[in-house]
Amino acid sequence: MNDLGVHSFNECLALSRSKEGALDRIYQNYFQNVSRVSRIERTDDMSLQRKGIDTFVTLNSGEVIRTQEKWRFRPYTNDILIEYCSVWRNGECQAPGWIYTCDADYLFIVYQPSDLVKIYPVVQLKIAWNSNKEQWIRDHRNIIARNPTYVTKSVAVPTTILEDEIRKAMRFDYQRKLSGVFA
């Protein structure tokens, strides 16, 4: 298991907040129906932050999309760090990681030194995680981040593997006799 050294949630949050607005053009290009008159709002509400919601993007249609912005201040290394235990203390997980608590619609991971943004739909990301978590934890690099009184546990999943599993999660066929449902 790799050790990232001492980690501070508050420092990471402050660094992310210092980048506010940097993704606005990306939101406009990605969602395509976000105009300059649409709203892109960041939240300071800590209860929403704990649910993984950083930004509300209001589309021209009025639909609101919730995003989580994760800033990485290291080059992209062909993997995504999935936090599965936010607080590990006394030999047990006392608070689940963001993969379980994130209520955003999309995850935007920014690798600042690489000028790269990876975008993932959260529902499909969670389906991929639930189907593969044991294997990924067993087969891939596990990372611990030491905080002053606890440890955070994550696994570095190669993006090719993760993205294949997300594509699988986006396909779903249901076929069985529906007893008059379509009648």
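Presented here is an overview of the structure given in this document.

### A short note on helix α5 (residues 122–139)
Then, in step 1: Within α5, the axis deviates most sharply at Asn132, by approximately 70 degrees.
Then, in step 2: The inward-facing, buried residues of α5 abut β5 (79–89), α4 (98–101), β7 (106–111), β8 (116–121), β10 (151–158) and α6 (159–170).

### A closer look at the state of the cysteines
Then, in step 1: Per the stated rule, a full pass over the model turns up one disulfide.
Then, in step 2: The partner cysteine of Cys85 in its disulfide is Cys93, sulfur to sulfur 2.4 Å. The disulfide joining Cys85 to Cys93 has a torsion of about 115 degrees about its S-S bond and is therefore right-handed.
Then, in step 3: Here Cys85 falls in the buried class, since its relative accessible area comes to 1%.

### Quick look at the packing of α5 against α6
Then, in step 1: For the pair α5 and α6, interaxial distance at closest approach is 8 Å and the crossing angle is 125 degrees. Judged by the inter-axis angle, α5 sits oblique to α6. The chirality of how α5 crosses α6 is right-handed. Residue-level inspection shows Gln124, Leu125, Ile127, Ala128, Asn132 and Trp136 of α5 in contact with α6, the latter providing Ile161, Leu162, Glu165, Ile166, Ala169 and Met170.
Then, in step 2: Residue composition of the contact of α5 with α6, by class: nine nonpolar, two polar and one charged.

### Things to note about the side chain of Glu83
Then, in step 1: Take Glu83: it is sitting in strand β5.
Then, in step 2: Despite its burial, Glu83 remains without a salt bridge, the nearest opposite charge being carried by Lys70 at 6.0 Å.
Then, in step 3: Among all residues touching Glu83, those that are not within four sequence positions of it are Gly97, Trp98, Ile99, Thr152, Lys153 and Ser154.

### Section: the pattern of salt bridges
Then, in step 1: This model, assessed by the stated rule, comprises 10 salt bridges.
Then, in step 2: In this structure, the salt-bridge partner of Asp24 is Arg42, at a minimum N-O distance of 2.7 Å. Here the residue Asp24 occupies a position in helix α2 (residues 24–31), and Arg42 occupies one in strand β2 (residues 40–42), the gap between them amounting to 18 residues.
Then, in step 3: Relative accessible area serves as the criterion here: at 22%, Asp24 is assigned to the partly exposed category.
Then, in step 4: Because the salt bridges share partners, they merge into one network encompassing Asp24, Arg42 and Glu69.

### Side note on the environment of Val155
Then, in step 1: You can see Val155 is positioned in strand β10.
Then, in step 2: Overall, the relative accessible area of 0% leaves Val155 in the buried class.
Then, in step 3: Spatially, the C-alpha atoms of Val155 and Ile144 are 8.6 Å apart, while their sequence positions differ by 11 residues.

### Details of the pairing of β7
Then, in step 1: With five of six residues buried, β7 lies mostly within the body of the structure.
Then, in step 2: Bridge count for strand β4 (residues 64–72) against β7 is six bridges, and the pairing is parallel. Bridged to Trp71 within β7 is Val110.
Then, in step 3: Relative to β8, β7 runs antiparallel, the two being bridged by six bridges.

About the criteria used
Residues numbered from 1 in each chain as written. Predicted model: local features only at pLDDT ≥ 70, side-chain atom pairs only at ≥ 80, totals over all residues. Heavy atoms only, no water. Bend = angle between axes of the 7 residues up to and from the residue. Helix = DSSP H or I, 4+ residues; strand = E, 2+ residues; numbered from the N terminus. Contact = heavy atoms within 4.5 Å. Disulfide = S-S within 2.5 Å. Buried < 20%, exposed > 50% of the residue type's maximum accessible area, 1.4 Å probe, protein only. Axes fitted to C-alpha atoms, helices over the stretch in contact; angles between N-to-C directions. Parallel < 35°, antiparallel > 145°, perpendicular 65-115°, else oblique. Left-handed = near helix turned anticlockwise from the far one by under 90°. Nonpolar A, V, L, I, M, F, W, Y, C, P; charged D, E, K, R; others polar. Lys, Arg positive; Asp, Glu negative; His and termini not counted. Salt bridge = Lys/Arg side-chain N within 4 Å of Asp/Glu carboxyl O. Pairing = 2+ DSSP bridges.

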